[in-house]
Amino acid sequence: MSKKQVLVACGAGIATSTVVNNAIEVMAKENKIDVDLRQIKIAEVGAYVDTADLLVTTAMTKKEYPFPVINARSFLTGIGTDETKKQILEELKK
């Protein structure tokens, strides 16, 4: 399985994306999935349209991308985090 490039984006690319980034890192290790995590601002996603496999974001986006977009706001609220993690893992295993 090739390395997956995962974009982790929030409004500023700092606080909330760090929490999500760490969670994905742990899941990837536990499941022996090779990931290339890129922690970015939501405004920077466009620069990765040719290389990314997945976008996990806590920001709102109405743009269409050529890869799946997973809303990770559950990491902010603490409600539904397990479901979000399951979605991320399913995408990583593809």
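Scroll up a little and you will see the structure.
Remember, it's a predicted structure, so these values are computed and weren't measured experimentally.

Novice: Mind showing me how you'd approach the pairing of strand β1 (residues 4-10) here?
Specialist: The side chains of a regular strand alternate between both faces of the sheet. With 7 of 7 residues buried, β1 lies mostly within the body of the structure. Alternating residues of β1 divide into Lys4, Val6, Val8 and Cys10 and Gln5, Leu7 and Ala9, and every residue in both groups is buried. Direction of pairing for β1 relative to strand β2 (residues 35-41): parallel, over a ladder of 7 bridges. What sits directly across from Leu7, in β2, is Arg38. Strand direction decides the pairing type here: β1 and strand β3 (residues 54-57), joined by 4 bridges, are parallel. Residue pairing across strands places Leu7 opposite Leu55, the latter belonging to β3.

Cut-off values and rules
Residues numbered from 1 in each chain as written. Predicted model: local features only at pLDDT ≥ 70, side-chain atom pairs only at ≥ 80, totals over all residues. Heavy atoms only, no water. Buried < 20%, exposed > 50% of the residue type's maximum accessible area, 1.4 Å probe, protein only. Helix = DSSP H or I, 4+ residues; strand = E, 2+ residues; numbered from the N terminus. Pairing = 2+ DSSP bridges.

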